[in-house]
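Structure assessment
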Amino acid sequence: MDILDISIMLLYFSVLIIVGVIGSKRAKTADEFIVAGRNLGHFMYLSCLAAVILGGASTLGTAKLGYQFGISGIWLVVMIGLGIIAIGLFLTNKIFDLKVLTISEMLEKRYNSQTRLLSALVSVIYTFMLTVTQVIGMGTILHVLAGWNLTVSMIVGGGIVLFYTILGGMWSVTMTDVIQFVIMTIGIFLIMLPMSISKAGGWGSLQENLPAAHFELGNIGGATIFQYFLLFTLGVVVGQDIWQRLFTARTKAISRSGTVGAGIYSIFYAIAISIIGMCAFIILPDLGDPQTAFTSIAMETLPAGLLGVVIASVVSALMSTASGTLLASSTLVVNDLIKKYIGPGMSERQFLKTSRITTLTIGVMAIIVSIWIQDILVALDVAYAILSGAVFFPIILGFFWKRVTANAAFYSILASMIVIIVGLVITGPSSTGPILYGLAASLVVITALTLLSPKNETLPKGDIKGKNIDIAN
C-alpha cells in the first residue's frame, strides 16, 4: 500500500477512537450502554443494523463466491438479507414490545429460567466465535495490504474495536457504525464496483469473456443455497447480535421499516460484491486463492488514495460486525448469567461497571483465540448450525403458539443440540444433514411434549410468569 493509503487507514482508526470517546459520555446507564437508550432514529438504526450484518464473510466470502460461481455468489448474503426482512415483516412488532435486553431473557418470560440459561450458553458461543472470525479477518487484511505482522494486525484491529466498545457500549458502536456504513456504501457502490467493471472492459466484456454459468443464479448448486438458508436465514432470525440492534429503535415504526430497509440493502450489497468477484475472474484469471479476490482486484484496479478508502470500507464491515457481536456476547454473560445467578441485586452502576469489565475480558479472549487459531470458519459454521437448529423453533413457536410449554421448549433445545453435535461429528462440519436433523428433532420434541402436556400448563393470555406481557399472540 502507498503511504497515502496507509495515512487514510490511520486517520480512519483515529476517527473511530475519537467517536468512541464521545460515545462514552452518553453511556451513563445500562440501557444506554447496551441498547443506546432505545432512542435511535431511522437512519442511525438502519445504518447500524446493516453494518452489523455485513461482515467479513459477506464481503470477502461473497467476492470469492462471485469469482468461482458468478452472480450465484449472491446467495450467502441474500439469505442473510431475507432473514432480516422476515424479522422486519413478522417479528419487530412483537420484539419491540418486550423491553428486554436479550433473546434468553425473552425465553424466560415465555418459558422458564432453565430455558433462559441453556439458550444463553448457545448464544454466547455463537457471538463469541463470530467476534473471533471478524478479528481474524481484520488481521488478515491489514497483514496482506499494510504489510504488518499478522499478530500485530489482529491486536490493532481487535484492540480498536474493543476500546470504543468498552467506552460507550451501544452508543459508541452506533456512532462508529454510522461512519462505517457510509464508508462501506461509498467504497463498494461508488468506487469499487464501477471501477472494477471498467477495468474488466465493461459489462459487455463480462458477458463475452465469463463462462455462461457465471450468469446463472443457480450455478452454486441447490444444495448449497438450501444450506445457506438453514444457516443464515434461520440463524439471523434468532441471533442476539441482531435482536440487540432491534431493541435500539426509538419507535415500532422505525424498527419495522429500518429492519426491512437493512435487509434490502444487504441484497444490493450481495449483488455488488458478486459482480466485483466476477470482474476479478477476468482481470486476474490465474488467482491462486479465490479468497483474496476482493483485496487482489482492489490493489490491481485502484489508484493510491482510493485504495485506502476501499480497504477502510472492508475493515469497516469487519469492525462493525465485531463490535456488535462483542457487545452481544458480553450482554448475554452479564444479563443472563452474572446478574441472574451471581448478583441479582446489583445496582445500575454495578451493572454498567460489570458490563465494561466483561466486555474487556471477552474482547481480550477473542483477540487471543484469533491469534492462536487464525482460521475458525469451520467452527463458525458449527456455531451457526447449533444456533439456528437449537433455538429457532422455541423462539418462533413461543411467539405464535400459546400452548407451548416450558418443558417442551427446554428439552427441544437440549435434544436438537445433541442431535446437531453428534451429526456434525459423524458427517463433518460442512454437512447440511445435522442442521435438518436438529431442526426436525427440535420441532418433534417441542410439538410432542406440548400436545402431551396437561392444558393447565399453558400460560394464560396476557400473563407470562405473572407479568403482563403477551408474547404469544
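Only a predicted model underlies this, so the values are computations on that prediction, with no experimental measurement involved. (Residues numbered from 1 in each chain as written. Predicted model: local features only at pLDDT ≥ 70, side-chain atom pairs only at ≥ 80, totals over all residues. Heavy atoms only, no water.)

**Some points on the pattern of salt bridges**
Applied cut-off: A carboxyl oxygen of Asp or Glu within 4 Å of a side-chain nitrogen of Lys or Arg is what we treat as a salt bridge. Numbered from the N terminus, helices here are DSSP runs of H or I no shorter than four residues, and strands are runs of E no shorter than two. Whether a residue is buried, partly exposed or exposed follows from its accessible area with a 1.4 Å probe, protein chains only, as a fraction of its type maximum: under 20%, in between, or over 50%, in that order.
In total, this model carries six salt bridges according to the counting rule given. Put simply, D336 and R116 hold a salt bridge, and the shortest N to O gap is 2.7 Å. In this pair, D336 sits in helix α15 (residues 306–342) while R116 sits in helix α8 (residues 113–146), placing the two residues 220 residues apart along the sequence. With relative accessibility at 7%, the residue R116 sits in the buried group. Linking D177 and R245 is a salt bridge whose minimum nitrogen-to-oxygen distance equals 2.7 Å. Here the residue D177 occupies a position in helix α9 (residues 150–199), and R245 occupies one in helix α12 (residues 240–246), the gap between them amounting to 68 residues. For the pair D177 and R245, a shared accessibility class is recorded, and that class is buried. Members of the salt-bridge network, linked through shared partners, are E108, R116, D336 and K340.

**Some remarks on α15**
The cut-off we apply is this: One fewer than the residue count of a helix, multiplied by 1.5 Å, yields its expected span. The reported bend at a residue is simply the angle between two axes, fitted to the 7 residues ending at it and to the 7 residues beginning with it.
With 37 residues, α15 extends 51 Å from end C-alpha to end C-alpha; this agrees with the ideal 54 Å at 1.5 Å per step. At V334, α15 shows its largest kink, close to 30°. Most of α15 sits inside the fold, with 29 of its 37 residues counted as buried.

**Some words on the packing of helix α7 (residues 103–110) against α15**
Basically, it comes down to this: The axes are straight lines fitted to the C-alpha atoms, using for helices just the contacting stretch, and the angles between their N-to-C directions are given from 0 to 180°. Any angle that is under 35 degrees is reported as roughly parallel, and any over 145 degrees as roughly antiparallel; angles of 65 to 115 degrees are reported as roughly perpendicular and all others as oblique. Throughout, a contact is declared for two residues whenever any of their heavy atoms are within 4.5 Å. In the scheme used here, Gly and all other residues not listed as nonpolar or charged are polar, with Ala, Val, Leu, Ile, Met, Phe, Trp, Tyr, Cys and Pro taken as nonpolar and Asp, Glu, Lys and Arg as charged.
At a minimum axis separation of 8 Å, α7 and α15 run at an interaxial angle of 50°. Considered as vectors, α7 and α15 are oriented oblique to each other. Residue-level inspection shows S104, E105 and E108 of α7 in contact with α15, the latter providing L332, N335, D336 and K340. Grouping the amino acids of the contact of α7 with α15 by side-chain chemistry returns one nonpolar, two polar and four charged.

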